[in-house]
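# Summary of the model geometry
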Amino acid sequence: MQSNRNNSLEPISISNWRWAYFLDETIKKFSIFEPSPYPINNDFLFRESLFGSSSNHKKVILETWGLKTEKIRQARCACLQAGEITSVMNLVISPFNNYDLPFFGADFVTLPNGHLIALDLQPALKDDIIHTKYFLPKLKSIHAKWQSKLPSGGDIPSDAQQYFSPGFLWSRIPLDEDADKLISQIIKPAFDEYLNFFLDLVGNAKIISKERSLKLLHGQRKYMRYRAKKDPARGMLRGFFGNSWTESYINNILFDLQ
Ligand code: DBV
């Protein structure tokens with residue numbers, strides 16, 4: 001089946017994709033920033049495949065949405081639905097390095113064993129007070145409000161901890177009757193508050209010095225290299241779409257500033 005999307009900014013069309021609300025909100029909130037499409041080759045805008053045993057074939061669809069603006073180098077979302085249950089939204093918003101801004105990262109994943117929710121404004125320079133003072137105090141108060149209403153996410157890989165802020169909203173939600181309620185009553189308003197705060201920071205951000213921009217660029221590249229190297233979805237994507245397509249997708253589209 002062919003996709004009728006001609007560029008990354010056109011709406012995705014995965015029917016019954018669990019995370020549609022969150023991408024729709026992101027598109028709405030970005031409309032005030034005069035976005036333009038992010039250049040993404042057709043092979044990565046839409047991909048479809050079959051998986052499972054020959055007697056019980058299931059379909060997996062992946063679509064990539066993306067944009068860029070005056071201050072945002074790349075905002076992109078990997079949107080995947082595999083069969084009835086497995087549903088992934090991986091949204092990363094990367095500002096240009098001539099603004100003292102963090103990344104916005106949302107990893108919302110439904111697997112047969114439960115929902116995984118990772119949401120954060122991730123510092124490009126975690127130990128740099130000039131970089132973090134703009135957003136951490138308020139982010140911590142937003143985080144405190146929502147994290148207390150969610151089950152914990154448990155341990156995260158030790159080498160990943162340096163890439164998360166103290167405002168990292170992290171939860172693993174079992175696939176039980178309360179799950180949908182937690183997503184609509186807690187995750188949706190939490191996501192809106194995190195994204196509104198991030199876009200306020202973007203709106204108010206001023207151009208920084210050349211010297212400082214280089215420092216930001218260094219921090220951004222380190223983050224991107226780590227995420228490309230340790231992408232927890234690599235195995236799953238390789239299973240669905242093959243090794244070479246997956247490596248190109250991860251390194252040339254999802255984490256393309258290395
Ligand atoms: N994660 C991605 C991309 C995905 C994706 C591009 C296209 O970076 C999905 C899809 N994340 C995804 C899946 C899983 C996770 C897990 C499918 C489940 C893997 C599994 O259980 O089999 C936040 N995502 C995770 C985990 C964390 C994050 C902490 C659990 C730990 C893990 O399994 O590694 N955001 C994610 C992350 C970093 C970040 C790992 C690292 C800095 O910023």
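Our structure is the block above this text.
Conventions adopted
Residues numbered from 1 in each chain as written. Predicted model: local features only at pLDDT ≥ 70, side-chain atom pairs only at ≥ 80, totals over all residues. Heavy atoms only, no water. Near = heavy atom within 4 Å. Polar contact = N/O pair within 3.5 Å; in protein donor to acceptor, adjacent residues only side chain to side chain. Areas by Shrake-Rupley, 256 points an atom, 1.4 Å probe, with all protein chains shown as cover. Helix = DSSP H or I, 4+ residues; strand = E, 2+ residues; numbered from the N terminus. Nonpolar A, V, L, I, M, F, W, Y, C, P; charged D, E, K, R; others polar. Contact = heavy atoms within 4.5 Å. Buried < 20%, exposed > 50% of the residue type's maximum accessible area, 1.4 Å probe, protein only. Pairing = 2+ DSSP bridges. Salt bridge = Lys/Arg side-chain N within 4 Å of Asp/Glu carboxyl O. Axes fitted to C-alpha atoms, helices over the stretch in contact; angles between N-to-C directions. Parallel < 35°, antiparallel > 145°, perpendicular 65-115°, else oblique. Left-handed = near helix turned anticlockwise from the far one by under 90°.

### Points about the site of the ligand
- In the vicinity of the ligand there are 24 residues, among which Asn90, Asp107, Gln122, Arg227 and Asp231 approach most closely.
- In this structure, an oxygen atom belonging to the ligand sits 2.8 Å away from a side-chain N or O atom of Arg227.
- Out of a free accessible area of 820 Å², the ligand has 85% covered by protein chains.
- Elements that contribute at least two residues to the shell around the ligand include exactly β5 (86-95), β6 (103-111), β7 (114-122), β8 (169-173) and α6 (210-229).
- Grouping the amino acids of the shell around the ligand by side-chain chemistry returns 18 nonpolar, two polar and four charged.

### Brief notes about the side chain of Ser165
- Here Ser165 lies in the loop between α4 (136-147) and β8.
- A distance of 2.6 Å separates a polar atom in the side chain of Ser165 from a polar atom in the side chain of Asp120.
- Engagement of the side chain of Ser165 in a polar contact is seen with the backbone nitrogen of Gly167, the distance being 2.8 Å.
- Apart from the residues lying within four places of it in its own chain, the contact partners of Ser165 are Asp120, Leu121, Pro123, Leu136 and Leu139.

### Notes on the pairing of β7
- With nine of nine residues buried, β7 is to be regarded as a mostly interior element.
- By the bridge criterion, nine bridges tie β6 to β7 in an arrangement that is antiparallel. The residue bridging Leu111 from the neighbouring strand is Gly114, located in β7.
- Turn length for the β6-β7 hairpin, with the two strands adjacent in sequence and antiparallel, is two residues.
- The sheet contact formed by β7 and β8 spans five bridges and is antiparallel. Residue pairing for β8: Ile117 is matched across the bridge by Ser171.

### Description of the pattern of salt bridges
- A complete count under the given rule lists 14 salt bridges for this structure.
- With a closest N to O distance of 3.7 Å, Lys29 and Glu25 form a salt bridge. In this pair, Lys29 and Glu25 both sit in helix α1 (residues 20-30), four residues apart, roughly one turn of the helix. Each member of the pair Lys29 and Glu25 is classed as buried.
- Where salt bridges share partners, they join Asp100, Asp128, Arg212 and Lys215 into one cluster.

### Here we look at the packing of helix α7 (residues 234-241) against helix α8 (residues 243-254)
- At their nearest, the axes of α7 and α8 sit 7 Å apart, and the two run at 135 degrees to each other. It follows that α7 is oblique to α8 by the angle criterion. Once α7 is placed against α8, the crossing between them reads as right-handed. Where α7 abuts α8, its residues Arg234, Leu237, Arg238 and Phe241 lie against Asn243, Trp245, Thr246, Glu247, Tyr249, Ile250 and Asn251.

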